[in-house]
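# Residue-level structural notes
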Amino acid sequence: MIVKPSIAFNDFAGSAKGVTARNVKGRNVLSSKAQHSKSVTPAQAVSRNRLSSISRSYKKLSDLQMSAWGRLAEKMKGISTLGTAAEMTAHNAFVRINSNLQMVGEPLMTDAPAYMNDIPEVLYDDLWIYPEVIIFTGLQQPSESHVLVFKTSPALSPGVSSG
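Below or above, wherever it landed, is the structure these notes cover. If you're wondering where the values come from, they're calculated on a predicted model, not measured in any experiment. (Residues numbered from 1 in each chain as written. Predicted model: local features only at pLDDT ≥ 70, side-chain atom pairs only at ≥ 80, totals over all residues. Heavy atoms only, no water.)

By secondary structure assignment, the location of T20 is in strand 3 (residues 19-24). Along the primary structure T20 and K33 are separated by 13 residues, whereas in three dimensions their C-alpha atoms are 8.4 Å apart. Contacts of T20, omitting those with residues within four sequence positions, involve G14, S15, V29, L30 and S31. (Helix = DSSP H or I, 4+ residues; strand = E, 2+ residues; numbered from the N terminus. Contact = heavy atoms within 4.5 Å.)

Below, the structure written as structure tokens:
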């Protein structure tokens, strides 16, 4: 949550009752620590194990392989935070690419792939989701070499979902 400064709180930092205030690039930011439930669904356990396994595999790479992942990471875009794209590390790039590969059943990639270009955003006109089918209209394929992959799972609860 971004906080606009006021006369009373022009610039502040610190923690109180689980909320932390800090100043990042001239902006006041409030954050709180996430509260995790103690129950873990089977899907969460599989996902956490997969990420843990991929992360451990990175530590087994040679220095040459790690530096190649680092060069790739310099060209990759990270998530935009406060208007600035985050910088990727070699580990981030390795986990991102291999997580996607594992999700579709492909083997782990230890050697960094050659950077060609960023994966384009999925462009479509409309989307309908039914229990039996997902319908896109106006789906645009950027090139013959791009393939759109879907992974679906049951909703977390009747009122919670994520895409």
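As a further point, take the side chain of N98. With respect to the element layout, N98 can be found in helix 3 (residues 90-103). When sequence neighbours within four positions are dropped, the list of residues in contact with N98 reads I54, W69, P107, L108 and M109.

Let us look at the nonpolar core. Membership of the largest hydrophobic core comes to 14 residues, with the highest contact counts inside it found for W69, M76, A93, F94 and I97. Every element with two or more residues in this core is listed here: helix 1 (42-59), helix 2 (63-75) and helix 3. (Core = buried A, V, L, I, M, F, W, Y, C linked by side-chain atoms within 4.5 Å. Buried < 20%, exposed > 50% of the residue type's maximum accessible area, 1.4 Å probe, protein only.)

What follows covers the packing of helix 2 against helix 3. Packed helix pairs are characterised by how far apart their axes lie and by the angle those axes make with each other. Look at helix 2 against helix 3: their axes get within 7 Å of each other, and the N-to-C directions meet at 85°. Relative to helix 3, helix 2 is oriented roughly perpendicular. Counting all contacts with helix 2, which are made through M66, W69, G70, L72 and A73, the residues of helix 3 involved are A90, A93, F94, I97 and N98. Of the residues contributing to the contact of helix 2 with helix 3, the split by class is eight nonpolar, two polar and no charged. (Axes fitted to C-alpha atoms, helices over the stretch in contact; angles between N-to-C directions. Parallel < 35°, antiparallel > 145°, perpendicular 65-115°, else oblique. Nonpolar A, V, L, I, M, F, W, Y, C, P; charged D, E, K, R; others polar.)

The next subject is the side chain of S57. Mapped onto the secondary structure, S57 falls in helix 1. At a separation of 2.9 Å, a polar atom in the side chain of S57 contacts the main-chain carbonyl oxygen of S53. If we ignore the near neighbours within four places in the chain, the residues touching S57 are F94 and L108. (Polar contact = N/O pair within 3.5 Å; in protein donor to acceptor, adjacent residues only side chain to side chain.)

On to the pairing of strand 4 (residues 27-32). By the bridge criterion, six bridges tie strand 3 to strand 4 in an arrangement that is antiparallel. Bridge pairing in strand 4 places N23 opposite N28. The turn joining strand 3 and strand 4, which pair antiparallel and follow one another in sequence, is formed by two residues; a positive phi near 50° is taken by K25. (Pairing = 2+ DSSP bridges.)

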